Amino acid sequence: MRISRIQLAGLAVAIAGAGGAAQEAAADDLTITTATTTPVVTSNAANASPGDVTIASTGSITIDAGETAVTIDSNNDVTNSGRIASNNADDVIAIWANGGFSGTITNNGAVNLFEDNTISDTDSDGDLDGVLAVGTNRHGIFINGAFTGDIINSASGDITVEGNNSSAITLNGPLTGNITNDGDIGISGGNSYGILIDGAVSGDVISTGTIGVRGENSSAIRVNEQIGGELSINGIYTVSGYLSNQLPSNQATLEPSDVLQSGAAIDVRASVDGGVTIEGLGVEDDEDDDGDSTNDEADDNDTAQILVFGSSPAVLLRADAGNILLGQNEFGFGLHNRGVLTTNGLYDGISSTGFRVEGLAGNTVTVSGGITNDRAINSIAREANAYVISIGDGAIVSQILNRDRLLSNVVSDGADTAYGVYLEGGATSSLVNGGTISAELLGEQGDAVAIFDGSNSLASITNRGTIRARVAPTDDDPSDEIVPVATGDEVAIDVSASTINVLIEQLPDVPFTDDDAVDDDEDNRPLTQIVGDVRFGSG
């Protein structure tokens, strides 16, 4: 999904000197200390010579439609500690890097590409009306072509972009270096991204900050090209395509524009050599949860929190343009969750999915070392299905290992289903549970299924924790003295479609010491039990 130069037409670069808004920091470097509306380029930073460009905390560049604030067209660094801004301006870029050059891009300040657009309840029907963004093609940092150097949005950095087909950081060519986001990113608009990787990255992509995204088909992080290192996620992520993330009193008044669907929070469609890790506390609160060899420092317990409103997954692994491979992280897993993930369809009829792995059109996704959950994944839906981990055709996942909580919850008056682990297709030979896999449906007609295998590949299920399915009837009118009766099924394990031999073992709990040699959660371990029906096939 590369963005062509034609699409970026109009992003003109005004080549000009620093004027009265700048002072020299070194012989050919440029430091902007006051407000200016004049774009700058590194090839002509100062003294008609190339140099580094720094926007000091007192400095700012305000740009208009079709302009780029800072262009890298030489081997130099750019640092923003001030502010780069635009308002109601399309085709704008705060920092643009041409291919073929090197440097470090650091944002310590603010990038604010705003527009005057508000949404309100214009027809007084109890829900919001309008669109999340009007303008288009606005980008914070844009790398166009092969570039060498790191891209950094530091802990003090704030990139806020309001616009469709826009982004905070876009890599549109191969990068020899790393991408790091420790700051705040805010995106409002359709088909937009917090971080869009359309070029291969030789190093790591690490995001520990906050990314908030609102818009149809928009994602916090989208990976379309290979990452040579790891994809490491921490911080707080909220993703939604809805105009409002709160239920109105009457859903019948909702219009199609109210319930547009975002993209996945973390959308991976290319190989990641070092695996995908959702960072966090893990199963236990140990002395060194973040693995930095320093015990109990202030950030030791920082845990990723990902919240998605709508039907898109929190994490999507999809091969749609060739086979992809997730290598193993430091713990030996291709996809590893140590954080807290919650997906919520919110509105009636909108399904919910935590993890989804699939290959399309004959392509495959191989997750080396399998999928491991060491914290919590919650999937919630109303009048629709919910899936915590969903495996589709083309997915090659050798093992699913759960050591904490996989929780599926559905509220429905209809024949919907709460699924914990849902193997629709692909190849998953082993499932090991040392935590809790729970599927719960509140209603009368729907089903709860903790583990379902429709792939005919699951050969071994080992349980040392709790596998539970529960259907609880709801009473819409307690005054009528009619006691509701649930007719839905409570199925702990369903391998009824299997024609292969399936081994189901229930074994005593084994202490798990997580990141150190001490079993800190021995008093909070789930019971070793299977609650619900077990359905076998012909294997």
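Note that the structure is predicted; figures quoted are calculated from it, not measured.

**What to know about the overall build of the protein chain**
Right, so step 1: Looking only at helices and strands, the protein chain has zero helices and 52 strands in total.
Right, so step 2: For the protein chain, the C-alpha radius of gyration of 25 Å lies close to 24 Å, the compact-globule estimate for 539 residues.
Right, so step 3: The principal-axis extent of the C-alpha atoms belonging to the protein chain is close to 80 × 60 × 45 Å.
Right, so step 4: Here the protein chain holds 539 residues, and 55% of them are scored as buried.
Right, so step 5: Looking at the protein chain alone, contacts between residues at least 24 apart form 81% of all its contacts between residues at least 6 apart.
Right, so step 6: When the accessible surface of the protein chain is totalled, it reaches about 19,700 Å², and 47% of it is carbon and sulfur.
Right, so step 7: Of the side chains in the protein chain, 19 bear a positive and 79 a negative charge, and the two mean positions are spaced by 5 Å.

**Considering the nonpolar core**
Right, so step 1: Counting residues in each nonpolar core, the largest one holds 92 residues, and the members touching the most others are L231 and I306.
Right, so step 2: If one sorts the elements of this core by residue count, strand β10 (residues 92-98) sits on top with four residues.
Right, so step 3: Residues in contact with L231, not counting those within four places in the same chain, are V205, V223, I266, V268, V272, G275, V276 and T277.
Right, so step 4: A384, A418, L441 and V471 belong to the second-largest nonpolar core, a separate cluster that totals ten residues.

**Notes on the sheet that holds strand β15 (residues 147-148)**
Right, so step 1: One open sheet accounts for three strands, arranged β11-β15-β19; its pairing is parallel. Each of the sheet's edge strands pairs with one partner strand only, and the pair in question is β11 (101-102) and β19 (175-176).
Right, so step 2: Pairing between β15 and β19: two bridges, direction parallel. Bridged to T148 within β19 is T176.

**Details of unusual backbone geometry**
Right, so step 1: Here N137, not a glycine, exhibits a phi torsion of approximately 60 degrees, which is positive.
Right, so step 2: Within the element layout of this structure, N137 appears in the loop between β13 (110-114) and β14 (138-144).
Right, so step 3: Overall, the relative accessible area of 8% leaves N137 in the buried class.
Right, so step 4: Here the phi dihedral of N456 falls at roughly 60 degrees; this positive angle occurs in a residue that is not glycine.
Right, so step 5: Mapping N456 onto the fold places it in the loop between β46 (447-453) and β47 (460-463).

**Quick word on the packing of aromatic side chains**
Any aromatic ring pair is given by two values, namely how distant the centres are and how the planes are angled relative to each other.
Right, so step 1: By the definition in use, this model includes seven aromatic pairs.
Right, so step 2: An angle of 70 degrees between the planes, with centres 4.6 Å apart, marks the rings of Y242 and Y347 as edge-to-face. Placement of the pair is Y242 in the loop between β27 (236-240) and β28 (266-268) and Y347 in the loop between β34 (340-344) and β35 (352-359), with a sequence separation of 105 residues. Y347 carries the same exposure label as Y242, and that label is buried.
Right, so step 3: Clustering of aromatic rings is evident, with ring pairs tying together Y387, Y419, Y422 and F452.

**Details of the sheet that holds strand β36 (residues 365-367)**
Right, so step 1: With respect to topology, three strands assemble into an open sheet ordered β32-β36-β40, the strand pairing being parallel. Two strands close off the open sheet at either side, each with one partner strand: β32 (324-326) and β40 (395-397). With direction set aside, neighbouring strand axes in the sheet form an average angle of 10 degrees.
Right, so step 2: Where β36 lies against β40, three bridges are found, and the strand directions are parallel. Bridge pairing in β40 links V365 to A395.

**What to know about the pattern of salt bridges**
Right, so step 1: Counted according to the given criterion, the structure contains 15 salt bridges.
Right, so step 2: Across the pair D489 and R535 runs a salt bridge whose closest N-O atoms are separated by 3.1 Å. Linking D489 in the loop between β48 (466-472) and β49 (490-494) with R535 in strand β52 (residues 533-535), this pair joins segments that are 46 residues apart in sequence.
Right, so step 3: With a relative accessible area of 30%, R535 lands in the partly exposed category.
Right, so step 4: Residues joined by salt bridges that share partners form a network here, namely R222, D267, R269 and D320.

**Concerning the environment of S312**
Right, so step 1: Positionally, S312 belongs in the loop between β30 (305-309) and β31 (315-319).
Right, so step 2: Relative accessible area serves as the criterion here: at 12%, S312 is assigned to the buried category.
Right, so step 3: Residues S312 and I63, 249 residues apart in the sequence, show an inter-C-alpha distance of 35 Å.
Right, so step 4: Aside from chain neighbours lying at most four places away, what touches S312 is Q261, S262, G263, A264, T343 and T353.
Right, so step 5: Within the local environment of S312, its side chain forms a polar contact with the backbone oxygen of S262, the two atoms lying 2.5 Å apart.

Cut-off values and rules
- Residues numbered from 1 in each chain as written.
- Predicted model: local features only at pLDDT ≥ 70, side-chain atom pairs only at ≥ 80, totals over all residues.
- Heavy atoms only, no water.
- Helix = DSSP H or I, 4+ residues; strand = E, 2+ residues; numbered from the N terminus.
- Rg over C-alpha atoms; globule rule 2.2 N^0.38 Å.
- Buried < 20%, exposed > 50% of the residue type's maximum accessible area, 1.4 Å probe, protein only.
- Contact = heavy atoms within 4.5 Å.
- Areas by Shrake-Rupley, 256 points an atom, 1.4 Å probe, with all protein chains shown as cover.
- Lys, Arg positive; Asp, Glu negative; His and termini not counted.
- Charge placed at Lys NZ, Arg CZ, Asp CG, Glu CD.
- Core = buried A, V, L, I, M, F, W, Y, C linked by side-chain atoms within 4.5 Å.
- Pairing = 2+ DSSP bridges.
- Phe/Tyr/Trp six-rings, centres within 6.5 Å; stacked < 30°, edge-to-face > 60°.
- Axes fitted to C-alpha atoms, helices over the stretch in contact; angles between N-to-C directions.
- Salt bridge = Lys/Arg side-chain N within 4 Å of Asp/Glu carboxyl O.
- Polar contact = N/O pair within 3.5 Å; in protein donor to acceptor, adjacent residues only side chain to side chain.

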